[in-house]
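# Inside the fold
These are the residues of each chain, in order.
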Amino acid sequence: MLLPLLATLVTDEVKWDVADLAIFGAILAAACGIFELAASIKIWPYRIST
């Protein structure tokens, strides 16, 4: 998340505002949350097969 923020501050070619950074953060948090949820229930296929 720091790379787009730093690019916005350093150059005029990247024009992200606060809303863009917030949406990017929300998408990143959702993806990480889904991954954590999937990793925490990784044993359920084993339980179904036995």
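Calculation rules
- Residues numbered from 1 in each chain as written.
- Predicted model: local features only at pLDDT ≥ 70, side-chain atom pairs only at ≥ 80, totals over all residues.
- Heavy atoms only, no water.
- Helix = DSSP H or I, 4+ residues; strand = E, 2+ residues; numbered from the N terminus.
- Buried < 20%, exposed > 50% of the residue type's maximum accessible area, 1.4 Å probe, protein only.
- Areas by Shrake-Rupley, 256 points an atom, 1.4 Å probe, with all protein chains shown as cover.
- Patch = residues over 30% accessible without salt bridge, like charges linked within 9 Å, V, L, I, M, F, W, Y side chains within 5 Å.
- Salt bridge = Lys/Arg side-chain N within 4 Å of Asp/Glu carboxyl O.
- Phe/Tyr/Trp six-rings, centres within 6.5 Å; stacked < 30°, edge-to-face > 60°.
- pLDDT = per-residue confidence, 0-100.

Take the overall build of the chain next. When its secondary structure is counted, the chain shows three helices and zero strands. Starting at the N terminus, the α and β elements of the chain follow one another as α-α-α. Residues classed as buried in the chain amount to 6% of the 50 residues present. Carbon and sulfur atoms make up 73% of the accessible area of the chain, which amounts to about 4,500 Å² in all.

Taken together, the side chains of Leu2, Leu5, Leu6, Leu9 and Val10 present a nonpolar region at the surface, about 540 Å² in accessible area. Structurally, leucine 5 can be placed in helix α1 (residues 2–10). Residue leucine 5 is classed as partly exposed on the basis of its relative accessible area, which comes to 33%.

A separate point is the packing of aromatic side chains. Summed over all chains, the structure comprises one aromatic pair. Considering the side-chain rings of tryptophan 16 and phenylalanine 24, the 5.8 Å spacing of their centres and the 70° angle between planes classify their relative orientation as edge-to-face. Overall, the relative accessible area of 31% leaves phenylalanine 24 in the partly exposed class.

A word on the confidence of the model for the chain. Residues with a pLDDT of 70 or more make up 82% of the chain, whose mean pLDDT is 84. Within the chain, α1 carries the highest mean pLDDT (90), whereas helix α3 (residues 44–49) carries the lowest (57).

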